[in-house]
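Spelled out from the first residue to the last, the chains are:
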Amino acid sequence: MDTLTTHSGHVLHLGVTLTQRLRHTLAGYCQESEVRYAALLEESGTICADAGDAAFKDSGETAALAVGAFAALQAVARRLGDGTFEGFFHEGKTRQFCLTPVTPQFILLSVFEAPVRFAIVKLCAVKAIAHLQEQIETMPIPERSTMPSGVPSAAGDFSFEAATLFRQE
Amino acid sequence: MAVINHDTREVSFKLVYCGTPMGGKTTNLSYIHSRIGADQRGDLVALATANDRTLFFDFLPVHTMVINGYKTKFMLYTVPGQVCYNATRQMVLRGVDGVVFVADSQLDRMEENLTAWRGMIRNLADNGTPFEQLPAILQFNKRDLPDPAPVAYMEYLLNSGPRRLPVFEAAAATGYNVFATLNGLAQDVLHLFHHGTARGATASQSVSA
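Residues numbered from 1 in each chain as written. Chains lettered and ligands numbered in written order. Predicted model: local features only at pLDDT ≥ 70, side-chain atom pairs only at ≥ 80, totals over all residues. Heavy atoms only, no water.

Participant: Explain the packing of helix α3 (residues 110-126) of chain B against helix α4 (residues 151-158) of chain B to me, please; I cannot follow it from the model alone.
Facilitator: Residues and elements named next belong to chain B. Two elements in contact, α3 and α4, have axes whose closest approach is 10 Å; the angle formed by their N-to-C orientations is 35°. Relative to α4, α3 is oriented so that their crossing is right-handed. For the pair formed by α3 and α4, the contact residues are Met110, Asn113, Leu114 and Trp117 on the first element and Tyr153, Met154, Leu157 and Leu158 on the second. Here the residues of the contact of α3 with α4 are counted per class, giving seven nonpolar, one polar and no charged. (Axes fitted to C-alpha atoms, helices over the stretch in contact; angles between N-to-C directions. Helix = DSSP H or I, 4+ residues; strand = E, 2+ residues; numbered from the N terminus. Left-handed = near helix turned anticlockwise from the far one by under 90°. Contact = heavy atoms within 4.5 Å. Nonpolar A, V, L, I, M, F, W, Y, C, P; charged D, E, K, R; others polar.)

In structure tokens, the structure reads:
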């Protein structure tokens, strides 16, 4: 499927071409800034695209925590009277990370290690975020979407009534 | 919000367990984590206080069969039940695709059930997610405790509106109907996703002990 993406109130489609473009932008950002791992996260906690050291990728736990932490700190900032929130930076002894807003719905996670400096990462992130924003904003918005186009409907070949999706061991 | 990644061929849904404080939301997730195949789940992440009360959320990623070539993943969350954590609950409910409302069957918890129920609907509305269109399941938990409230009474309190939700009587501590609840909601979410209409939105369906 080579369409970019469709984006509606209920379903976010990430097309092959768009995902590849996002990944390419993230890879360029990793290379330029020496960030070891970068991921574009959606506010519900899903990794939309990522690049860099795959060892940092898990089943979604890190993304869920990152999105939750970002939302919590953003809410604190708002409650303390600051309507703008430019993300946050954790400075560990060896490993560091920052979370930066891309759009109200998407967040950029960057993981890096000493001696890479936050100032450099921040500078490179500005350029990467501008690219990501441009790519996200080109998403065509359909009036309505249920199944991803190009994927046959499950009706008729899969019975949800009879199926047990999760089995207890 | 369901996220479909055509490149990795993966569809993700967010399910949230809401309900009364100490009603058994975390116990549901812990049971699922302990009894589902290790190849079907990630780690259970719990952000809790020192005395094991949920502070922010619990999180468990699980995945099921490949449907039409797409790996189907569900991200299970709980919210903190205590009244003071309303802002946190609203945050966790962002982008939700389905909810389980875990009600406590003990008679003296009915008022808290109602408060939590109304709070959940208000939080969803504030997030721009109309409850009427959202797949949802009612779980009457702690049916194993002595003298639980009659199901008809709990239905009257929580399920007598224009929309009748599927109800599961459960005992999360022993695992009774924990998987049935998860499967019920997952099926509703997939039904909505594939057919564009919520399943079980008009008729009440009760799974009793």
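Participant: Sorry if this is basic, but what is going on with the interface of chain A and chain B here?
Facilitator: Bring the parts together and some accessible area is lost; that lost area is often taken as the interface size. Listed as interface residues are 52 residues of chain A and, on the opposing side, 53 residues of chain B. For the pair chain A and chain B, the interface holds two salt bridges. Here B:Asp7 makes a salt bridge to A:Arg23, at a shortest N to O gap of 2.4 Å. For the side of chain A that touches chain B, the element with the highest residue contribution is helix α2 (residues 61-79) of chain A, accounting for nine residues. Here the residues of the side of chain A that touches chain B are counted per class, giving 23 nonpolar, 19 polar and ten charged. As defined by bridge partners, strand β1 (residues 11-14) of chain A adjoins strand β1 (residues 2-5) of chain B across four bridges and the pair is classed as parallel. (Salt bridge = Lys/Arg side-chain N within 4 Å of Asp/Glu carboxyl O. Pairing = 2+ DSSP bridges.)

Participant: Even after reading the chapter, I still don't get the sheet that holds strand β5 (residues 95-101) of chain A, so can you show me in this structure?
Facilitator: Sheet strands pair by backbone hydrogen bonding; their relative direction is either parallel or antiparallel. Residues and elements named next belong to chain A. The five strands lie next to each other as β3-β2-β6-β5-β4, forming an open sheet whose pairing is antiparallel. Whereas interior strands pair on both sides, the edge strands pair on one side only; in this sheet they are β3 (47-52) and β4 (88-91). Between one strand axis and the next, the sheet turns through 10° on average, direction left out of account. Pairing between strand β2 (residues 37-42) and strand β6 (residues 106-113): six bridges, direction antiparallel. Pairing of Glu42 across the sheet is with Phe106, part of β6. This element, helix α1 (residues 16-33), spans β2, β3 and β6 of the sheet and lies at about 40° to β3. Across the sheet, helix α3 (residues 118-137) is in contact with β2, β4, β5 and β6; its angle to β6 comes to roughly 150°.

Participant: What's the story with α3(A) in this structure? I'm lost.
Facilitator: Helical periodicity: at 3.6 residues per turn, an α-helix aligns residues three or four positions apart in one direction. Residues and elements named next belong to chain A. Helix length check: α3, at 20 residues, gives a terminal C-alpha distance of 27 Å against a target of 28 Å (1.5 Å per residue), a fit within 8%. Along α3, the residues that are buried comprise Val121, Cys124, Ala125, Ala128, Ile129, Leu132, Gln135 and Ile136. Those residues of α3 that are buried lie in contact with α1, β2, β5 and β6. (Expected span 1.5 Å × (residues − 1). Buried < 20%, exposed > 50% of the residue type's maximum accessible area, 1.4 Å probe, protein only.)

Participant: Which parts of the structure should I look at to understand the environment of B:Arg164?
Facilitator: All names here are of chain B. One can find Arg164 in the loop between α4 and β8 (167-169). Between the C-alpha atom of Arg164 and that of Ala136, which follows or precedes it by 28 residues, the distance is 9.7 Å. Within the structure, Arg164 has its side chain in polar contact with the backbone oxygen of Asn159 (distance 2.6 Å). (Polar contact = N/O pair within 3.5 Å; in protein donor to acceptor, adjacent residues only side chain to side chain.)

Participant: For this particular structure, what's the right way to read the packing of helix α1 (residues 25-35) of chain B against helix α5 (residues 178-195) of chain B?
Facilitator: In helix packing, the relevant descriptors are the interaxial angle and the interaxial distance, both defined with respect to the helix axes. Residues and elements named next belong to chain B. Two elements in contact, α1 and α5, have axes separated by 10 Å at closest approach and are oriented at 95°. The pairing of α1 with α5 is recorded here as roughly perpendicular in orientation. Across the interface between the two elements, Asn28, Tyr31, Ile32 and Arg35 from α1 touch Val178, Phe179 and Leu182 from α5. Class assignment for the residues of the contact of α1 with α5 results in five nonpolar, one polar and one charged. (Parallel < 35°, antiparallel > 145°, perpendicular 65-115°, else oblique.)

Participant: Explain the packing of aromatic side chains to me, please; I cannot follow it from the model alone.
Facilitator: The description of an aromatic ring pair rests on the distance of the ring centres and on the angle between the ring planes. Going through the model one piece at a time under the given rule, you end up with 14 aromatic pairs over all chains. Measuring from ring centre to ring centre gives 5.3 Å for B:Phe57 and B:Tyr77, while their planes differ by 65°; the resulting arrangement is edge-to-face. With B:Phe57 in strand β4 (residues 54-67) and B:Tyr77 in strand β5 (residues 70-78), the pair connects residues that are 20 residues apart, well separated along the chain. Overall, B:Phe57 belongs to the buried group, its relative accessible area being 2%. Exposure remark for B:Tyr77: the relative accessible area of 3% places this residue in the buried category. Ring pairs connect the aromatic residues A:Phe166, B:Phe13, B:Phe74 and B:Phe193, which therefore count as one cluster. Across the ring face of B:Tyr77, the terminal group of B:Lys14 is positioned such that the distance to the ring centre comes to 4.7 Å. (Phe/Tyr/Trp six-rings, centres within 6.5 Å; stacked < 30°, edge-to-face > 60°. Lys NZ or Arg CZ within 6 Å of the ring centre and 35° of its normal.)

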